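Structural overview for review
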Amino acid sequence: MDIIEGPPIDTDPLLIVFARSVLQLGLGLLGCLYYQISPLGTQQRSWLVLRGLAGAFGNACFFYAVTVMTLADATVVFFTGPVFSALFANWMLGEPYGKFDRLASVVCLLGIMLVVKPQGQLGWGAVAALAGAISGALAYCVVRKVGRGVHSMVHVVYFGALSFVGSAVMMFLVQVPRMPKTGSEWALMLAVGVFAFIGQVLLNRGLQLAPTGPATLMRNLDVVFAFVLGVTLFDEIPDWSGVLGALVIITCTVAMGLHKWY
């Protein structure tokens, strides 16, 4: 495979994943030290490895999608995750997956077709976002599978460690590794890592405490934030098909969440 020059930092998903994983791993280890717990956990380590691998792969896919799609479109496709979470929860946790869930899943996939633009890099971005959604759904179900017996900080460490190894290996295989060069680039990478750490701690704890329904509803707020930030920060004005597809997907995932809740 040819070695290619690394892309600019704001469009380099591998560097973004690497920077995020370094900070997430470091802060996670400090958290384990603070709580006086083993960062490797004391039980169900095979599930923790699977959670870390699925989370790392899904995270990399999402960051790639964001670099070639609008923030809103990539986030909408990525947050079809509840559809796949319902499938994994049925398989791993024995949760019901009835006719209503199947119907909502099919309609949600139709919403994806409205959002996705299959040409060129956009098509690959949509595939990556969908792969990330599936991987993320698996990771969330593993968190609920292991339950409260594993501290949320241990999940952060496994996720960070496997993301660190995977992104470092891929950077050396497919491009010339690079470091941030300016103060703004360093600040950007630091912000990504810190906010990712905070988000992961809260997400893992929330998945352990909340039932599937309420957790699904709260996660859908990401789509709203993505649309707002995409328009206000990046001047990404969504077209009518993207907005319609987003409404279809949000409606279906919210309906599934409410159905499971009640």
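Residues numbered from 1 in each chain as written. Predicted model: local features only at pLDDT ≥ 70, side-chain atom pairs only at ≥ 80, totals over all residues. Heavy atoms only, no water.

Concerning helix H10 (residues 221-234)
- Between its first and last C-alpha atoms H10 spans 19 Å; for 14 residues at 1.5 Å apiece the expected length is 20 Å, and the two agree.
- Once H10 finishes, aspartate 235 follows within two positions and takes phi at roughly 55°, a positive value. (Helix = DSSP H or I, 4+ residues; strand = E, 2+ residues; numbered from the N terminus. Expected span 1.5 Å × (residues − 1).)

Overview of the nonpolar core
- Grouped together as the largest cluster of nonpolar side chains are 33 residues, with contacts concentrated most on Ala65, Met69, Val76, Phe227 and Ile249.
- Mapped by element, the contributors of at least two residues to this core are helix H1 (13-35), helix H2 (45-68), helix H3 (71-78), helix H4 (81-92), helix H5 (99-115), helix H6 (120-146), H10 and helix H11 (240-261).
- Setting aside residues no more than four positions away along its own chain, alanine 65 makes contact with Ala74, Gly125, Ala128 and Ala129.
- Within the second largest apolar cluster, 16 residues are counted, among which are Phe88, Ala137, Val150 and Val154. (Core = buried A, V, L, I, M, F, W, Y, C linked by side-chain atoms within 4.5 Å. Buried < 20%, exposed > 50% of the residue type's maximum accessible area, 1.4 Å probe, protein only. Contact = heavy atoms within 4.5 Å.)

Side note on unusual backbone geometry
- Even without being glycine, glutamine 36 reaches a positive phi, approximately 55°.
- With respect to the helices and strands, glutamine 36 occurs in the loop between H1 and H2.
- A relative accessible area of 73% places glutamine 36 in the exposed class.

A few points about the packing of H2 against H3
- Where H2 contacts H3, the two axes come as close as 8 Å, and the packing angle between them is 150°. In terms of orientation, H2 lies roughly antiparallel with respect to H3. Taken as a pair, H2 and H3 cross one another with a handedness that is right-handed. Each of Gly58, Phe62, Ala65 and Val66 in H2 lies in contact with H3, whose residues at this interface are Leu71, Ala74, Thr75 and Phe78.
- Looking at the contact of H2 with H3 residue by residue, the classes come out as six nonpolar, two polar and no charged. (Axes fitted to C-alpha atoms, helices over the stretch in contact; angles between N-to-C directions. Parallel < 35°, antiparallel > 145°, perpendicular 65-115°, else oblique. Left-handed = near helix turned anticlockwise from the far one by under 90°. Nonpolar A, V, L, I, M, F, W, Y, C, P; charged D, E, K, R; others polar.)

Let's talk about the packing of aromatic side chains
- Tallying each qualifying case throughout the model produces five aromatic pairs.
- Between phenylalanine 88 and tryptophan 91, the aromatic rings sit 6.4 Å apart at their centres with planes inclined by 50°, giving tilted as the arrangement. Placement of both phenylalanine 88 and tryptophan 91 in helix H4 is noted, with a separation of three residues, approximately one turn of the helix.
- Given the relative accessible area of 63%, tryptophan 91 is considered exposed.
- Through successive ring pairs, a cluster of aromatic residues spans Phe62, Phe63 and Phe78. (Phe/Tyr/Trp six-rings, centres within 6.5 Å; stacked < 30°, edge-to-face > 60°.)

Honestly, it's all geometry; don't read function into it.
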